[in-house]
Amino acid sequence: MKWNLRMRAAQAGIWKSTEMRRRLAAAGLEISAGKMSALWTGTPTTIRLDDLDVICAVLDCTPSDLLICEADKVAARRPTDAETGTGSGPTPRLGRHTSVPPA
């Protein structure tokens, strides 16, 4: 996922993290300067849904505007057939077995 807070804030006319922090506080979300800096400069590893809700309200956007899926990175993480041990092996057959059990 790509964190798009700064771009979305810029579209809302917010250019500094201090301004964003002030607007969040006015909406009821008190964020420390350190946490605001982390949200502003990088991609958070976690974010509370309540916090995300307030951020979206301040920026007049949806979570999908802030969290952008990067499908190419997902595909790059998918293991190959050689890594998983699968590949062009025998194809399993579905249905009833036709062999007779040993006597």
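Residues numbered from 1 in each chain as written. Predicted model: local features only at pLDDT ≥ 70, side-chain atom pairs only at ≥ 80, totals over all residues. Heavy atoms only, no water.

A. Region of interest: the overall build of the protein. Scanning the protein for helices and strands turns up 7 helices and 2 strands. Beginning at the N terminus, the succession of helices and strands in the protein can be written as β-α-α-α-α-α-β-α-α. A fraction of 63% describes how many contacts in the protein between residues 6 or more apart in sequence connect residues 24 or more apart. Of the roughly 8100 Å² that the protein leaves accessible, carbon and sulfur atoms contribute 54%. (Helix = DSSP H or I, 4+ residues; strand = E, 2+ residues; numbered from the N terminus. Contact = heavy atoms within 4.5 Å. Areas by Shrake-Rupley, 256 points an atom, 1.4 Å probe, with all protein chains shown as cover.)

B. Local environment of the side chain of Asp 51. With respect to the helices, strands and loops of the structure, Asp 51 is situated in helix α4 (residues 49–59). Setting aside residues up to four positions removed in sequence, Asp 51 forms contacts with Leu 29 and Lys 35.

C. Quick peek at unusual backbone geometry. Phi at Asp 60 is positive, roughly 55°, even though this residue is not glycine. By the element assignment, Asp 60 lies in the loop between α4 and α5 (63–66). Given the relative accessible area of 66%, Asp 60 is considered exposed. (Buried < 20%, exposed > 50% of the residue type's maximum accessible area, 1.4 Å probe, protein only.)

D. Expanded view of α4. When we look at burial in α4, the residues that qualify are Asp 51, Leu 52, Val 54, Ile 55, Cys 56, Val 58 and Leu 59. Along its buried surface, α4 packs onto β1 (2–3), α1 (5–11), α2 (17–26), α3 (33–41), α5 and β2 (67–68). In the segment just after α4, Asp 60 is the residue with positive phi, at about 55°.

E. Summary view of the pattern of salt bridges. In the structure shown here, the tally under the stated rule is 5 salt bridges. Taking the shortest distance from any N to any O, the salt bridge between Arg 23 and Glu 19 comes out at 2.8 Å. With Arg 23 and Glu 19 both in helix α2, this residue pair falls 4 residues apart, about one helical turn. The class of Glu 19 is partly exposed, set by a relative accessible area of 23%. Between Asp 51 and Lys 35 there is a salt bridge, with its nearest N and O atoms 3.0 Å apart. Residue Asp 51 is found in helix α4, and its partner Lys 35 is found in helix α3; the two are separated by 16 residues along the sequence. Given the relative accessible area of 38%, Lys 35 is considered partly exposed. (Salt bridge = Lys/Arg side-chain N within 4 Å of Asp/Glu carboxyl O.)

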